[in-house]
Amino acid sequence: HHATSRHHFNMSSCVTPGGVRRIRESIDGSLTDVSVQVLNLKTDAVDGFSAELNDGEAKVPASFAKSLAGKFAGVKTNAVLKLTDVRYAENKAFVTEFEFVEDSEAEFVSDASDAQASKKQKTAEGATATVTTSPTGSGKKTMSIASLNPYMGNWCVKAKLSLKGDVRTFRNAKGEGKVMTIELVDEAGTAIQATMWKDAIDSYDSILEVGKVFYVAKGTLRPANKQYSNCSNDYEMSLDGRCEIEVCTDSVDMSKMQRGYELVKIDSLAMKIGGRGSVDVLAVVQTVGELGAVRRKSDNEEIQRRDVTLVDDTGKSISLTLWNALAVEQGEQLSQMTNPIIAVRGLRVTDYNGVSLSTVARSELFIEPTTADIVDKVVELRNKFDPAMECVAAGAGLATARGPGGKGGPMDRLSLLQMQPDLLEPATANAKMAVVNATTCLIKADQPMYYAACPEEGNNKKVTEENGKWFCEATQKTYDTCRRRYIMRVKVQDASGAGWVNVFHDQAVQMLGMEAEDMHKLRSDDPPAYERAVKRAQFNDWSLKLKSKTEEYNGESRRRLTVVHCGKPDYAVEAKHLLSLIQGVSA
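All of the points below concern the structure found in this document. (Residues numbered from 1 in each chain as written. Predicted model: local features only at pLDDT ≥ 70, side-chain atom pairs only at ≥ 80, totals over all residues. Heavy atoms only, no water.)

## Re the nonpolar core
This is how it is decided: Definition used in this section: a nonpolar core is a set of buried Ala, Val, Leu, Ile, Met, Phe, Trp, Tyr and Cys residues joined via side-chain atoms within 4.5 Å. Remark: exposure states derive from per-residue accessible area (1.4 Å probe, protein chains only) relative to the maximum for the residue type, with buried under 20%, exposed over 50%, and partly exposed in between. In this text, helices come from DSSP runs of H or I with a minimum length of four residues, and strands from runs of E with a minimum of two, each type numbered from the N-terminal end. Contacts between residues were defined by any pair of non-hydrogen atoms, one from each residue, lying within 4.5 Å.
One finds M449, Y486, M488, M519 and L544 to be the most contacted residues of the largest nonpolar core, which totals 30 residues. With four residues, strand β32 (residues 483-494) is the largest single contributor of residues to this core. Leaving out residues up to four positions away in the same chain, M449 has contacts with I443, K444, Y486, I487, M488, L512, R523, Y530 and V534. Ranked by size, the runner-up nonpolar core spans 27 residues in total, among them A51, A58, V60 and L68.

Set out below in structure tokens:
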């Protein structure tokens, strides 16, 4: 039994290609059909079974539900399992159901993985396998970004600096530090995000110029946090004082060093709400709003904003909010043009007005783009665009919002009783979405109600108070302030019955009519006024888009109802709907 040897054998028909990537990219739910190999299978009396999941190209750590202990009797390291309920959170896979496929004697390495590998990789026996690298004119041996993975030792890539963020300072237990985010693209068009720390910034910030090509070596690699990255890469670099960055003086075809777009059509954006990562959009600018400003509650800083309306060939429109320099500079340029086409990378999808888009610090906007990878799509969109075309807002009305699976058409209207049948759906079943008209009947004032979140725009991770400052585990930074964000439980009721639902920040602001920061101040300074504010939110009618999903925790299955969107009922529409039911016509 060679549990740790690396070997090629006919497993490609059993293991799902890119299975680990699929697990990492699973959004708001679980995958129900992905086959992987289990490596380093271990058991623990407290935590149950754990292992590494391998698809031949990448690996991810995993934990198995304690309820599966009986199924592991005949499972050994290197076996192939079909995971029928697996979700990804906090850089780890959680498996709650699987089926045994077959045993194996060795670790699976796909042909594609070996073809991409471009350096020495250590095997478990301590031996090394020499793999191909590409020599450059300067004599340096480089490898493609696509071939990088955390199991490598020394590596070197040749890539263009396509994006350079601002240097930010922070303070933690180790003292004051610096951090900066950059993005690199190689000649294959593969991009990767890199985080530079203090020593690396001090050494190389002066030579890092966007658009130039560099050799980057001796960094470390880790799984990418898709929430804070525009790249689709599974990994990201961490560059500290040990890294080496050198300007490339070789002849380079810069036209190849362009990150490819991963475009999403406007009519499909609703499916991206609440997902990790960002989206890229190619669209025609229909209208451009006036430049405005809002004050950020975390530090009272005034930030510029501008709303533009986008349309594409799906006949749908959507609002995009531009922030800061994009609102001022590109926004002003767009206001002087008639129906320009723009390509935008790294947009956040929100459920405001059903579905909308917002730029973040890493977003890039290109007006009338002409790069080879997208120019054909620009020409195609221009030819299809009709200025007189009537477009429907992508988030118009809860009843027309897209449900799980991307199916269009009217969303089911159900009662609370129908959303909570006696028979509990398995955790492997897809989430059920429906519109429910209900009344808030109880909001407990003694619940936590909100939490302290990171003040950085686009980062909603929890922060903890330390000596009057706020520390974020996700960014490893300390802040002077925090933002309060709602996360609360509410009891709602309709004619069929009642149920407890989870309500997050945007929906809670609508229900409570008050920002979480203001609610926190009331709670701290005037508890009776706080309780009155909470009570005022009770016994109000809402049109809710609810999601029902069975989740398994500590071996127990339970139903979770979540408010995805809420709005005040349109009584004229509801009256027509009820009349159609009375007349026996299906709504």
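## Examining the sheet that holds strand β29 (residues 463-466)
Applied cut-off: If DSSP finds at least two bridges between two strands, the strands pair. Helix axes are fitted to C-alpha atoms over the stretch in contact, other axes to C-alpha atoms as well, and angles between N-to-C directions run from 0 to 180 degrees.
Within the open sheet, the three strands sit side by side as β29-β30-β31. Their pairing is antiparallel. Looking at strand neighbours, the two that pair on one side only are β29 and β31 (477-479), the edges of this open sheet. Adjacent strand axes in the sheet meet at a mean angle of 35 degrees, parallel and antiparallel pairs treated alike. Judged from the three bridges that link them, strand β30 (residues 469-472) and β31 form a sheet pairing that is antiparallel. Bridging from a neighbouring strand, F471 pairs with T478 of β31.

## A word on the packing of aromatic side chains
Applied cut-off: In this analysis, rings of Phe, Tyr and Trp, with Trp reduced to its six-membered ring, are considered paired at centre separations within 6.5 Å, and the interplanar angle assigns stacked below 30 degrees, edge-to-face beyond 60, and tilted for intermediate values.
As enumerated under the stated definition, the model contains five aromatic pairs in all. Taking the centre distance of 5.0 Å and the plane angle of 85 degrees together, the rings of F64 and F72 count as edge-to-face. Residue class for F64 comes out buried when judged on its relative accessible area of 3%. On the basis of relative accessible area, F72 is assigned to the buried category, the value being 5%. The interplanar angle of 80 degrees and the centroid separation of 6.0 Å between the aromatic rings of F64 and F98 together place this pair among those described as edge-to-face.

## Section: the pairing of strand β24 (residues 341-350)
The buried fraction of β24 amounts to nine of the ten residues, a majority that puts the element mostly inside the structure. As paired strands, strand β20 (residues 279-288) and β24 are joined by five bridges and run antiparallel to one another. Across the sheet, residue A283 finds its bridge partner in β24, namely I342. Connecting the antiparallel pair β24 and strand β25 (residues 356-367) is a turn made up of five residues, with N353 showing a positive phi of about 55 degrees.

## Examining helix α10 (residues 571-582)
Rules: The span expected for a helix works out to 1.5 Å for each residue beyond the first.
Over its twelve residues, α10 extends 16 Å from the first C-alpha to the last, a length consistent with the 16 Å expected when each residue adds 1.5 Å. Against β27 (432-442) lie the buried residues of α10.

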